[in-house]
There are 2 protein chains.
Amino acid sequence: MSHRVADALGYKDMDNISAASSRHNSENLPYVHKVGVPPKQNLLKEIAGTLKETFFADDPLRQFKDQPRSRKLVLVFQALFPIFEWGRNYSLSKFKGDLIAGLTIASLCIPQDIGYAKLANLDPQYGLYSSFVPPLIYAFMGSSRDIAIGPVAVVSLLLGTLLQNEIDPSENPVDYLRLAFTATFFAGITQFTLGFFRLGFLIDFLSHAAIVGFMAGAAITIALQQLKGLLGIKKFTKKTDIVSVMRSVWSAAHHGWNWETILIGMSFLAFLLVAKYIGKKKKKLFWVPAIAPLISVVLSTFFVYITRADKHGVQIVKHIRRGINPSSLNEIFFSGEYLAKGFRIGVLAGMIALTEAVAIGRTFASMKDYQLEGNKEMVALGTMNVVGSMTSCYVATGSFSRSAVNYMAGCNTAVSNIVMSSVVLLTLELITPLFKYTPNAILASIIISAVISLVDIEAMTLIWKVDKFDFVACMGAFFGVVFSSVEIGLLIAVSISFAKILLQVTRPRTAVLGKIPRTTVYRNILQYPAATKVPGILIVRVDSAIYFSNSNYVKERILRWLADEEEQLKESSRPGVQYLIVEMSPVTDIDTSGIHAMEELFRSLEKRDVKLVLANPGPAVVDKLHASKFHEMIGEDRIFLTVEDAIVTCAPKMDLEP
Amino acid sequence: MSHRVADALGYKDMDNISAASSRHNSENLPYVHKVGVPPKQNLLKEIAGTLKETFFADDPLRQFKDQPRSRKLVLVFQALFPIFEWGRNYSLSKFKGDLIAGLTIASLCIPQDIGYAKLANLDPQYGLYSSFVPPLIYAFMGSSRDIAIGPVAVVSLLLGTLLQNEIDPSENPVDYLRLAFTATFFAGITQFTLGFFRLGFLIDFLSHAAIVGFMAGAAITIALQQLKGLLGIKKFTKKTDIVSVMRSVWSAAHHGWNWETILIGMSFLAFLLVAKYIGKKKKKLFWVPAIAPLISVVLSTFFVYITRADKHGVQIVKHIRRGINPSSLNEIFFSGEYLAKGFRIGVLAGMIALTEAVAIGRTFASMKDYQLEGNKEMVALGTMNVVGSMTSCYVATGSFSRSAVNYMAGCNTAVSNIVMSSVVLLTLELITPLFKYTPNAILASIIISAVISLVDIEAMTLIWKVDKFDFVACMGAFFGVVFSSVEIGLLIAVSISFAKILLQVTRPRTAVLGKIPRTTVYRNILQYPAATKVPGILIVRVDSAIYFSNSNYVKERILRWLADEEEQLKESSRPGVQYLIVEMSPVTDIDTSGIHAMEELFRSLEKRDVKLVLANPGPAVVDKLHASKFHEMIGEDRIFLTVEDAIVTCAPKMDLEP
């Protein structure tokens with residue numbers, strides 16, 4: 001056996017292998033490889049490396065390498081405005097796809113915008129404004145080809161809730177509107193800053209699971225809000241939690257809901273859901289649910305107009321201001337008490353909008369397999385919202401539903417956004433007056449049918465199957481939103497996400513390894529029942545970098561493994577453990593606290609006269625073991641390339657076969 | 001070659017190895033081991049497991065296993081009061097050691113206590129009180145044998161600073177004192193709670209490096225504060241930062257420092273430092289620095305008494321209340337505005353005190369190799385401070401200097417604390433009046449000589465050598481304390497520590513592996529220059545669990561490795577990469593976001609027709625790959641036990657020798 005292993009480890013003419021990777025072992029045993037000591041990096045290089053991986057992981061300057069100055073300038077310009085890059089080889093055939101897609105999402109966004117504006121307690125036209133300017137800007141700066149920009153349900157709701165905590169829109173609509181613009185401005189600034197300083201990775205701290213839960217919760221909340229419009233209820237609670245909403249629905253019940261409203265609302269809701277269903281079943285009929293909303297708006301408006309149902313208490317939109325976005329630059333609060341409030345709300349809304357947009361962008365990017373530069377994307381979204389805030393728009397971002405339609409309608413580039421916004425422009429200029437008789441009930445049913453798909457049962461079940469902890473995060477966010485409020489839900493989501501990270505770094509896994517028969521590999525005995533322990537030797541693998549946050553735990557856990565092992569051996573009255581091999585392959589790094597823990601471990605083992613042996617420490621670790629002279633403490637010849645090497649050397653007389 | 005590997009992998013009569021660990025490979029190739037799929041755990045067991053590792057990592061109930069009820073009760077009692085466990089086999093010989101140690105630390109603590117009380121802006125006797133009750137209680141409940149309990153410099157300073165931000169001790173001494181007791185009470189509650197709910201691991205989040213820096217900074221600050229006493233300055237700044245302290249020292253200079261004070265102070269400081277030096281040089285003369293303070297107090301007091309130097313402006317202690325601790329239960333603010341403030345201060349002071357005590361406890365525990373149960377320790381410290389707050393003590397904890405002396409004086413058990421506190425008792429009852437003429441200058445010099453050793457240059461240099469990032473944390477805390485304030489320093493320390501954790505989880509390391517010639521092991525090519533890449537195959541190792549916080553990074557990083565590789569291959573016009581092997585040994589866990597990332601990776605690889613292969617996924621990962629059906633997506637036969645297996649199967653026609 002020993003021979004075969006030696007053979008496998010190749011002791012023949014090792015000389016032609018770099019000295020660093022072979023040495024003669026004191027006890028005349030087969031040669032074993034020595035652990036490589038990486039070339040010492042100087043401090044600056046080290047730091048530079050870390051910074052690069054942290055902030056420039058996507059290596060944005062790769063394309064700038066060895067280019068003439070003039071070319072560089074062009075590249076910078078193109079990096080800022082990708083449209084000038086892909087625009088050059090833009091073709092008619094591409095435009096065909098974009099045109100169709102653009103028209104489809106336009107027909108979808110117009111009714112949605114009007115409804116979403118209501119969610120943010122704003123007049124309908126502001127929804128349309130936000131579908132005009134931002135998409136244009138994004139088309140020039142954004143790098144996603146499939147995302148559809150505009151106001152979205154969740155952000156509108158969040159903004160609405162946060163804003164009305166500060167100002168009551170019914171009492172003081174002017175300041176409310178100004179605060180909305182202020183928030184939008186700072187939302188943009190936040191997004192821009194994150195992107196510019198390449199802090200994009202911060203949004204990764206909101207876990208996928210948490211987002212799924214949050215979105216679902218928000219969807220439910222939004223749907224509940226629509227009961228007002230759908231049942232034609234006059235006085236409705238300002239709160240968004242399910243309990244108080246339901247209470248005000250019942251209280252409204254006994255002095256009568258408006259049956260005409262309900263009739264219209266429900267019938268069209270049914271229509272929309274059927275359309276949605278068809279779209280789901282037959283992928284190539286995706287346009288059915290896409291245009292259904294507009295159709296139902298047209299029909300219902302016409303119907304109300306001729307029957308004058310509004311005289312019978314069917315609430316209608318009444319008035320949408322005609323014409324394109326007025327400037328709102330001097331509406332933004334740049335001073336006074338509302339500045340801080342606007343800032344706080346803006347940061348929050350901005351982050352959520354960002355998370356949603358980036359999630360969408362990544363999804364479609366990976367579907368069509370093109371790279372999406374998160375940070376550049378954020379700069380684009382930020383600029384778009386800053387400009388938006390100066391042109392009477394509120395926070396816009398990528399919409400799940402519309403992006404999906406955009407993708408299915410076969411969009412090729414961001415041109416589809418330009419098409420959409422020009423349609424919106426025409427709408428604003430010409431046909432807004434026609435919306436006068438549109439019943440609110442329709443808008444309500446449109447919103448419901450739109451948000452319903454944010455409740456992603458499939459994803460939830462998958463999360464449940466894959467990772468229970470993720471599921472807790474998911475449900476936490478969900479119930480937080482539904483039973484309390486959007487902010488609380490968000491708070492729960494974030495804190496659970498963080499708790500998970502902290503847990504990960506405080507309590508890394510450890511495993512006892514056994515030899516898989518007739519191989520030279522050692523694996524977790526719990527995972528591989530066939531793996532057998534080597535008598536007199538305990539092999540423990542530590543599955544994480546050893547840092548201050550877990551060093552003590554790791555030390556104590558290893559000692560506990562040892563204690564358990566010794567107990568078992570005593571019971572079966574076999575000889576005790578003589579060597580403790582710590583398999584360090586997964587230990588990617590170690591810090592001063594970690595070194596301390598290892599030293600303490602070494603000392604306590606000495607007292608039990610068990611010898612400490614290390615297998616395969618990584619470069620960073622070897623580095624630090626040397627810096628701290630720990631390798632001298634335990635002895636150079638106690639550090640091996642592989643567990644097998646260690647065992648071959650430590651226990652030459654043992655028969656490794658079980 | 002292939003044969004030898006096959007042999008190494010042992011294809012002979014595999015049947016007698018559990019079915020799970022062998023399978024016949026479709027292409028008639030040597031048998032390779034199959035990756036073991038761990039038995040499906042049920043949810044509850046899973047959760048229970050996690051909770052156990054998190055909160056009961058030290059397995060405190062181990063000793064309770066299969067014991068009769070009555071025995072259990074005894075054990076619980078003993079667990080609560082370890083003294084009744086070790087007390088039973090306590091011997092006279094042990095007592096001898098404890099007696100000497102106790103007397104030594106008593107002689108050391110009495111002068112220190114008086115000085116430290118001043119740091120907390122309290123009358124001298126409160127220092128002594130805090131060295132009487134708390135040590136007694138700790139002796140009964142604590143599990144460390146070497147720690148010496150009492151007031152300590154850093155906590156006293158912290159408490160003093162925080163308290164005087166709320167109440168000016170000179171204007172309103174009564175409320176100040178009451179707030180001090182309130183803070184102490186909540187400090188105790190905090191410590192108790194952390195221990196009781198087994199949240200002890202929370203203090204691990206303050207990294208060793210940060211503590212070193214913080215301690216050093218605090219030491220400097222404290223020493224600077226002593227200039228007041230040492231130079232006999234009347235009006236001194238309330239601020240603790242070096243700038244304002246120095247300013248007020250200079251401003252005091254021109255209307256004259258008190259030369260008698262300086263003379264006495266400096267000469268005794270010199271004496272103390274010499275004594276310290278001797279103690280350092282000759283380990284068995286440890287008692288010299290230990291009793292030096294008391295000697296200098298006696299001498300200087302006597303000297304002042306005969307010369308009446310206090311008439312010449314040498315400031316003296318004047319008065320220490322005689323008698324033991326009065327009750328202070330009804331002094332604690334259990335209501336009113338000060339409740340919240342006391343709580344805030346208490347939590348902070350409690351945490352710091354805890355960190356210090358636990359650090360000391362662990363150090364000595366590992367020196368004498370006995371286990372210290374962090375959480376039990378915290379309960380003891382908490383109780384001790386709660387009781388303390390009701391008996392006119394302020395926050396007490398383990399003192400570095402005194403514990404070291406205690407250890408060197410050969411203490412065996414916590415009895416040395418009992419001895420000490422009885423000496424303190426006698427002092428309070430009998431000789432406090434004698435301290436009347438003790439000059440403050442002496443106390444100042446005693447404190448300086450005590451705290452000076454908290455500046456651990458050695459540790460700092462080691463940190464610098466081992467881990468640059470740790471050094472940044474260390475210096476951040478240090479300068480924060482010195483140039484701003486204790487809180488700021490603390491804040492910096494904590495936030496840098498957290499930043500490090502977040503960095504760790506967002507930007508895990510990845511490495512390209514190469515085959516070490518004539519072996520079956522694959523290692524980081526940067527660490528092992530001898531390692532050679534396998535043509536047509538790229539092997540990447542991911543060095544961390546793949547979680548939402550890093551999943552996108554990992555995916556993109558792997559793709560970047562691939563891009564780089566392909567570029568190189570193109571340049572040297574060699575065939576492109578056909579297989580991407582992801583070595584997953586270090587990937588200890590994966591969550592839903594991680595699975596998503598892997599799926600996206602798989603898709604983008606497909607587009608480039610590169611085949612994705614996984615090597616050695618751990619139990620948790622295999623579990624989740626199955627739960628999410630990812631293994632079906634990439635194909636069962638693409639998951640291998642080792643990189644070698646993967647290569648043997650993927651590239652049968654390739655010659656693996658370089």
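Keep in mind the model is a prediction, meaning the values are calculated, not measured.

**Considering the sheet that holds strand β8 (residues 639-640) of chain B**
Residue and element names in this part refer to chain B.
Okay, step 1: Taking strand neighbours across the sheet as the criterion, the 6 strands line up as β4-β3-β5-β6-β7-β8 in an open arrangement whose pairing is mixed. Taken across any chain shown, the strands that pair with only one partner, and hence form the sheet edges, are β4 (522-524) and β8.
Okay, step 2: As defined by bridge partners, strand β6 (residues 579-583) adjoins strand β7 (residues 611-615) across 5 bridges and the pair is classed as parallel. The residue of β7 that forms the bridge with L580 is L612.

**Overview of the relation of the copies chain A and chain B**
Okay, step 1: Rotating chain A by 180° and translating it 0.0 Å along the rotation axis places it on chain B, where the RMSD comes to 0.1 Å. This pairing of chains is accounted for by a two-fold axis. Across chain A, the smallest distance between a C-alpha and the rotation axis is recorded for P586 of chain A, namely 2.2 Å.
Okay, step 2: With an isologous cut-off of 70% or more, the 100% of interface residues of chain A that recur at the interface of chain B puts this contact in the isologous class.

**Description of a positive patch on the surface**
Residues and elements named next belong to chain A.
Okay, step 1: A cluster of basic residues, K118, K228, K234, K238 and K318, forms a positive patch on the protein surface.
Okay, step 2: Within the secondary structure layout, K318 lies in the loop between α13 (287-307) and α14 (337-368).
Okay, step 3: On the accessibility criterion, K318 (55% relative accessible area) is exposed.

**Some words on the environment of I496 of chain B**
Residues and elements named next belong to chain B.
Okay, step 1: Tracing the chain through its elements places I496 in helix α21 (residues 486-506).
Okay, step 2: Owing to a relative accessible area of 17%, I496 belongs among the buried residues under this scheme.
Okay, step 3: In the structure, I496 is positioned 348 residues away from A148 in sequence and 31 Å away in space, judged by C-alpha atoms.
Okay, step 4: With residues up to four places along the chain from it excluded, the contact list for I496 reads F469, V472, A473 and G476.

**A few points about the interface of chain A and chain B**
Okay, step 1: Each side of the interface is counted separately: chain A has 111 residues, and chain B has 111 residues.
Okay, step 2: Regarding the contact of chain A and chain B, the summed buried area is about 9300 Å², with carbon and sulfur atoms giving 57% of it.
Okay, step 3: Its largest share of buried area at the contact with chain B, chain A owes to R518, Q527 and F548 of chain A, together 8% of the area lost on that side.
Okay, step 4: Summed over the shared surface of chain A and chain B, the number is 6 salt bridges.

**Quick notes on the pairing of strand β6 (residues 579-583) of chain A**
Residues and elements named next belong to chain A.
Okay, step 1: Within β6, 5 of the 5 residues are buried, which leaves it mostly tucked inside the rest of the structure.
Okay, step 2: Burial of the side chains of β6 extends over both faces: Y579, I581 and E583 are buried on one face and L580 and V582 on the other.
Okay, step 3: Bridge analysis of strand β5 (residues 537-542) against β6 gives 5 bridges, and the strand direction is parallel. Counterpart to R541 in the pairing with β6 is E583.
Okay, step 4: Crossover β5 to β6 through helix α22 (residues 551-571) is right-handed.
Okay, step 5: The parallel pair β6 and strand β7 (residues 611-615), bridged by helix α23 (residues 592-607), forms a crossover whose chirality is right-handed.

**Regarding the nonpolar core**
Okay, step 1: Counting 104 residues, the largest nonpolar core has L122, L159, F214, I222 and V424 of chain B as its most contacted members.
Okay, step 2: Contact partners of L159 of chain B, with chain neighbours within four places excluded, come to A183, I345, A349, Y394 and V395 of chain B.
Okay, step 3: By size, the runner-up hydrophobic cluster in this structure holds 103 residues, among which are A106, L158, M378 and L381 of chain A.

**A word on helix α18 (residues 440-451) of chain B**
All names here are of chain B.
Okay, step 1: Between the first and last C-alpha of α18 there are 17 Å, a value that for 12 residues agrees with the 16 Å anticipated at 1.5 Å per step.
Okay, step 2: With 12 of 12 residues buried, α18 lies mostly within the body of the structure.
Okay, step 3: Of the surrounding secondary structure, the elements contacted by the buried residues of α18 are α5 (92-119), α8 (153-166), α10 (208-231), α12 (259-281) and α13 (287-307).

**Observations regarding the pairing of strand β3 (residues 510-515) of chain B**
Residue and element names in this part refer to chain B.
Okay, step 1: Summarising burial for β3: 6 of the 6 residues are buried, a large majority.
Okay, step 2: On β3, burial covers both faces: T510, V512 and G514 on one face and A511, L513 and K515 on the other are all buried.
Okay, step 3: Both β3 and strand β5 (residues 537-542) contribute to a ladder of 3 bridges, which runs antiparallel. Looking across to β5, one finds that A511 is bridged to R541.
Okay, step 4: Relative to β4, β3 runs antiparallel, the two being bridged by 3 bridges. Its bridge partner being in β4, G514 is matched across the sheet by R523.

**Here we look at a nonpolar patch on the surface**
Okay, step 1: Among the surface-exposed residues, L92, F95, L99, I100 and L103 of chain A lie close enough to one another that they form a single nonpolar patch of about 460 Å² accessible area.
Okay, step 2: You can see L99 of chain A is positioned in helix α5 (residues 92-119).

**What about the side chain of R523 of chain A?**
Okay, step 1: Examined against the element boundaries, R523 of chain A turns out to sit in strand β4 (residues 522-524).
Okay, step 2: As a buried residue without a salt bridge, R523 of chain A has its nearest oppositely charged side chain in E583 of chain A, at a separation of 5.9 Å.
Okay, step 3: A distance of 2.9 Å separates a polar atom in the side chain of R523 of chain A from the backbone oxygen of L641 of chain B.
Okay, step 4: Setting aside its immediate chain neighbours within four residues, R523 of chain A contacts V512, L513, G514, I516, Y528 and A531 of chain A together with N616, L641 and T642 of chain B.

**Some details on the pattern of salt bridges**
Okay, step 1: If you walk through the whole model with that rule in mind, you get 32 salt bridges over all chains.
Okay, step 2: R308 of chain A is the salt-bridge partner of D310 of chain A, the closest N and O atoms lying 3.0 Å from each other.
Okay, step 3: Its relative accessible area of 18% is what places D310 of chain A among the buried residues.
Okay, step 4: Notably, a salt bridge pairs E644 of chain A with K515 of chain A, separated by 3.5 Å at the nearest N-O pair. Taken together, the residues E644 of chain A in helix α26 (residues 643-650) and K515 of chain A in strand β3 (residues 510-515) connect sequence positions 129 residues apart. Note on accessibility: E644 of chain A and K515 of chain A belong to one class, buried.
Okay, step 5: Here the salt bridges do not stand alone but share partners, grouping D467, D470, K500 and R509 of chain A together with D589, D591 and K624 of chain B into one network.

**Some remarks on the state of the cysteines**
Okay, step 1: The final tally for this structure, using the stated rule, is 0 disulfides over all chains.
Okay, step 2: Looking at C109 of chain B, it has no disulfide partner, and the nearest cysteine sulfur is the one in C393 of chain B, 12 Å off.

**Section: the sheet that holds β6 of chain A**
Pairing between sheet strands relies on hydrogen bonds along the backbone, with the strands arranged either parallel or antiparallel.
Okay, step 1: The sheet built from 6 strands is open, its strands ordered β4-β3-β5-β6-β7-β8 (chain A) with mixed pairing. Two strands close off the open sheet at either side, each with one partner strand: β4 and β8 (639-640) of chain A.

**A short note on the packing of helix α9 (residues 173-196) of chain A against α14 of chain A**
Residue and element names in this part refer to chain A.
Okay, step 1: Contact geometry of α9 with α14 gives a least axis separation of 6 Å together with a crossing angle of 55°. As the angle between them shows, α9 and α14 are arranged oblique. Read as a crossing pair, α9 and α14 show a hand that is right-handed. Along its contact with α9, which presents D175, L179, T182, A183, F186, A187, T190, Q191 and L194, the element α14 presents Y338, L339, G342, F343, I345, G346, V347, G350, M351, A353 and L354.

**Quick word on the UniProt feature "domain: STAS" (unreviewed entry) in chain A**
Okay, step 1: Under the local residue numbering, the UniProt record ascribes the feature "domain: STAS" (unreviewed entry) to residues 527-650 of chain A.
Okay, step 2: Its end C-alpha atoms 25 Å apart, residues 527-650 of chain A is made of 48% helix and 15% strand.

**Points about unusual backbone geometry**
Okay, step 1: A positive phi is found at R518 of chain A, a non-glycine position, where the angle reads about 60°.
Okay, step 2: With a relative accessible area of 26%, R518 of chain A lands in the partly exposed category.
Okay, step 3: Residues other than glycine seldom take positive phi values, yet S392 of chain B does so here, at roughly 60°.
Okay, step 4: By the secondary structure assignment, S392 of chain B is in the loop between α15 (374-390) and β2 (397-398).

**Observations regarding the confidence of the model for chain A**
Residues and elements named next belong to chain A.
Okay, step 1: Residues at a pLDDT of 70 or more form 91% of chain A, whose mean pLDDT is 85.
Okay, step 2: Mean pLDDT across the elements of chain A bottoms out in helix α1 (residues 2-9) (33) and peaks in strand β1 (residues 149-150) (96).
Okay, step 3: Taken together, the stretch residues 1-31 has pLDDT below 50 and engages in 56 contacts with residues farther than four places along the chain or on a different chain.
Okay, step 4: Note on the complex model: pTM 0.76, ipTM 0.78.

**Re the packing of aromatic side chains**
Residues and elements named next belong to chain A.
Okay, step 1: Taken as a whole and assessed by the stated rule, the structure comprises 36 aromatic pairs over all chains.
Okay, step 2: For the pair W464 and F471, a centre-to-centre distance of 5.0 Å together with 75° between the ring planes defines the contact as edge-to-face.
Okay, step 3: In this structure W464 comes out as partly exposed when scored by relative accessible area, which is 37%.
Okay, step 4: Three or more aromatic residues joined by ring pairs make a cluster, and in this case those are F185, F186, F334 and F343.
Okay, step 5: We note R557 situated over the ring of W561; from NZ or CZ to the ring centre the distance is 4.3 Å.
Okay, step 6: In this structure, K611 packs its charged tip against the face of Y579, placed 5.3 Å from the ring centre.

Parameters and conventions
Position numbers for residues start from 1 in each chain and track the written sequence from start to end. By the order in which they are written, chains take letters starting at A while ligands take numbers starting at 1. It should be noted that, the model being predicted, local features are given only for residues of pLDDT at least 70 and side-chain atom pairs only at 80 or more, the latter also being counted only at that level, while totals for whole chains, interfaces and linings use all residues. Water and hydrogen atoms were dropped before computing side-chain values, which therefore reflect all heavy atoms in the structure. Each pair of strands is called paired provided DSSP finds at least two bridges between the two strands. A run of DSSP states H or I qualifies as a helix once it reaches four residues; a run of E qualifies as a strand once it reaches two. Both are numbered from the N-terminal end. Overlaid copies result from least-squares superposition on C-alpha atoms, with residues included only where pLDDT is at least 70 in both. Pairs of residues are marked as contacts when any of their non-hydrogen atoms sit within 4.5 Å. Note that patches include only residues with greater than 30% relative accessible area and no salt bridge, and the join distances are 9 Å for like charges and 5 Å for nonpolar side chains (Val, Leu, Ile, Met, Phe, Trp, Tyr). For the accessible areas, the method is Shrake-Rupley and the probe is 1.4 Å, while residue cover comes only from the protein chains on display. The term salt bridge refers to a side-chain nitrogen of Lys or Arg lying within 4 Å of a carboxyl oxygen of Asp or Glu. When charges are counted, Lys and Arg are positive and Asp and Glu negative, with His and the chain ends excluded. Charge positions come from single atoms, namely NZ of Lys, CZ of Arg, CG of Asp or CD of Glu. Exposed residues in this analysis have more than 50% of their type's maximum accessible area, buried residues have under 20%, and partly exposed residues fall in between, with area computed by a 1.4 Å probe over protein chains only. Note: buried area is the sum, over both parts, of the accessible area (probe 1.4 Å) each one loses when the two are combined. Here the term right-handed applies to a crossover when the path leading from its first strand over the helix to its second strand runs clockwise, the strands being oriented away from the viewer. What is meant by a nonpolar core is a set of buried Ala, Val, Leu, Ile, Met, Phe, Trp, Tyr and Cys residues, joined one to another through side-chain atoms within 4.5 Å. To estimate how far a helix should reach, multiply one less than its number of residues by 1.5 Å. In protein, a polar contact requires one atom able to donate a hydrogen and another able to accept it; more generally it is a pair of N or O atoms within 3.5 Å, and residues adjacent in sequence count only if both atoms are side-chain atoms. Sulfur atoms of two cysteines make up a disulfide when they are within 2.5 Å. Convention adopted: a line fitted to C-alpha atoms gives each axis, helices being fitted over their contacting stretch, and angles between N-to-C directions are expressed from 0 to 180 degrees. Note on terminology: angles under 35 degrees are roughly parallel, angles over 145 are roughly antiparallel, angles of 65 to 115 are roughly perpendicular, and the others are oblique. Handedness of a crossing is defined here by the sense of rotation of the near helix relative to the far one, left-handed for an anticlockwise turn of less than a right angle and right-handed for a clockwise turn. UniProt positions are given in the numbering used here, feature names are shortened, and annotations may be inferred rather than shown by experiment. Known as pLDDT, the predictor's per-residue confidence is scaled from 0 to 100. Pairing of aromatic side chains requires ring centres within 6.5 Å, counting the rings of Phe and Tyr and the six-membered ring of Trp. Pairs whose planes differ by under 30 degrees are stacked, by over 60 edge-to-face, and all others tilted. Two limits define a charge over a ring: the Lys NZ or Arg CZ must be within 6 Å of the ring centre, and within 35 degrees of the ring normal.

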